[in-house]
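One-letter residues, chain by chain:
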Amino acid sequence: MKTHLSDLADAIRSIPDYPKPGIIFRDITTLLGNARAFRRAVDELVNPYAGMKIDKIAGMEARGFILGGAVAHQLSAGFVPIRKKGKLPYETVRIAYSLEYGIDEMEMHKDAVQPGEKVILVDDLIATGGTAVGAVQLLRQIGADVVSACFVIDLPDLGGRKKLEALGVEVRTLVEFSGH
Ligand SMILES: O=P(O)(O)OC[C@H]1O[C@H](OP(=O)(O)OP(=O)(O)O)[C@H](O)[C@@H]1O
Ligand SMILES: Nc1ncnc2[nH]cnc12
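None of the values given here were measured: they were computed from a predicted structure.

**Side note on the site of ligand 1**
Here is step 1 of the chain: Around ligand 1 lies a shell of 16 residues, among which Y101, D123, D124, T128 and T131 are the nearest.
Here is step 2 of the chain: One of the side-chain N or O atoms of Y101 is found 2.5 Å from an oxygen atom in ligand 1.
Here is step 3 of the chain: Within the backbone of G129, a nitrogen or oxygen atom sits 2.8 Å from an oxygen atom of ligand 1.
Here is step 4 of the chain: Out of a free accessible area of 510 Å², ligand 1 has 87% covered by protein chains.
Here is step 5 of the chain: Those elements that place two or more of their residues in the shell around ligand 1 are β7 (118–126) and α5 (130–141).
Here is step 6 of the chain: Looking at the shell around ligand 1, the element that brings in the most residues is β7, giving four residues.
Here is step 7 of the chain: Along the lines of polarity and charge, the residues of the shell around ligand 1 split into six nonpolar, four polar and six charged.

See the structure below:
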């Protein structure tokens, strides 16, 4: 039986008031635990990039590692982890960023991408876009050509997609939830 994109939305669990009052947390662990939905989500993320000779997938800790690793494998691309500060052992580039429910700093190894390499950013969700914009800035700082960014979930009312597009990055998403 074919899985539809509405089935992907149904496979995501929504938790009100987590991690803070007023936030509805869109929990992808239920999608990841559903073999058919997980495969469909990865296939849908990968399909638009088939044949594009992408060099690297960059994934944001932690949920971007799960999806980004699967996408990289399917595209025969390398994988670049963008981590929360203090976790990477070699020399890094670092940037402060804010997201829907907090602020933090993220880092990437400074030799993780060679100048001019084609990179796609992968994460589970875009909300305010703070995380993704920070990641694009880090990647561009070391010379990456960020050709696109893709997410399973878009929260369009929080404006992240528009911010990324304003930076000249194509954005692809699979399901939308209105409100927070
Ligand atoms: O568009 P934004 O407002 O920046 O929010 C989106 C980010 O928030 C979540 O990650 P989180 O920082 O909660 O980390 P986690 O994956 O380790 O739970 C999500 O996985 C995105 O990376
Ligand atoms: N509402 C939300 N649910 C899950 N992850 C998020 N990251 C930022 N906002 C989020």
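Moving on, there is more to tell.
**Focus on the UniProt feature "domain: Phosphoribosyltransferase" (unreviewed entry) in the protein**
Here is step 1 of the chain: The feature "domain: Phosphoribosyltransferase" (unreviewed entry), as annotated in UniProt, sits at residues 36–157 in this numbering.
Here is step 2 of the chain: The annotated region residues 36–157 carries 30% helix and 39% strand content, and the separation between its end C-alpha atoms amounts to 29 Å.

**Let's talk about the environment of V146**
Here is step 1 of the chain: Mapped onto the fold, V146 is located in strand β8 (residues 145–154).
Here is step 2 of the chain: Overall, V146 belongs to the buried group, its relative accessible area being 6%.
Here is step 3 of the chain: Separated by 53 residues in sequence, V146 and V93 place their C-alpha atoms 16 Å apart.
Here is step 4 of the chain: When neighbours within four sequence positions are excluded, V146 is seen to be in contact with V119, V136, L139, R140 and V169.

**With respect to the site of ligand 2**
Here is step 1 of the chain: In the vicinity of ligand 2 there are 11 residues, among which I24, R26, R63, E100 and Y101 approach most closely.
Here is step 2 of the chain: One of the backbone nitrogen or oxygen atoms of R26 is found 2.9 Å away from a nitrogen atom of ligand 2.
Here is step 3 of the chain: Separating a nitrogen atom of ligand 2 from a side-chain N or O atom of R63 is a distance of 3.0 Å.
Here is step 4 of the chain: When isolated, ligand 2 has an accessible area of 260 Å², and the protein chains bury 95% of it.

**Considering the packing of helix α3 (residues 35–46) against helix α4 (residues 63–75)**
Here is step 1 of the chain: Contact geometry of α3 with α4 gives a least axis separation of 10 Å together with a crossing angle of 60°. When the axes of α3 and α4 are compared, the pair comes out oblique. Handedness of the α3/α4 crossing: right-handed. Across the interface between the two elements, F38, V42, D43, L45 and V46 from α3 touch I66, L67, A70, V71, Q74 and L75 from α4.
Here is step 2 of the chain: Considering only residue class, the contact of α3 with α4 consists of nine nonpolar, one polar and one charged.

Calculation notes
- Residues numbered from 1 in each chain as written.
- Chains lettered and ligands numbered in written order.
- Predicted model: local features only at pLDDT ≥ 70, side-chain atom pairs only at ≥ 80, totals over all residues.
- Heavy atoms only, no water.
- Near = heavy atom within 4 Å.
- Polar contact = N/O pair within 3.5 Å; in protein donor to acceptor, adjacent residues only side chain to side chain.
- Areas by Shrake-Rupley, 256 points an atom, 1.4 Å probe, with all protein chains shown as cover.
- Helix = DSSP H or I, 4+ residues; strand = E, 2+ residues; numbered from the N terminus.
- Nonpolar A, V, L, I, M, F, W, Y, C, P; charged D, E, K, R; others polar.
- UniProt positions renumbered as here; feature names shortened; annotations may be inferred.
- Buried < 20%, exposed > 50% of the residue type's maximum accessible area, 1.4 Å probe, protein only.
- Contact = heavy atoms within 4.5 Å.
- Axes fitted to C-alpha atoms, helices over the stretch in contact; angles between N-to-C directions.
- Parallel < 35°, antiparallel > 145°, perpendicular 65-115°, else oblique.
- Left-handed = near helix turned anticlockwise from the far one by under 90°.

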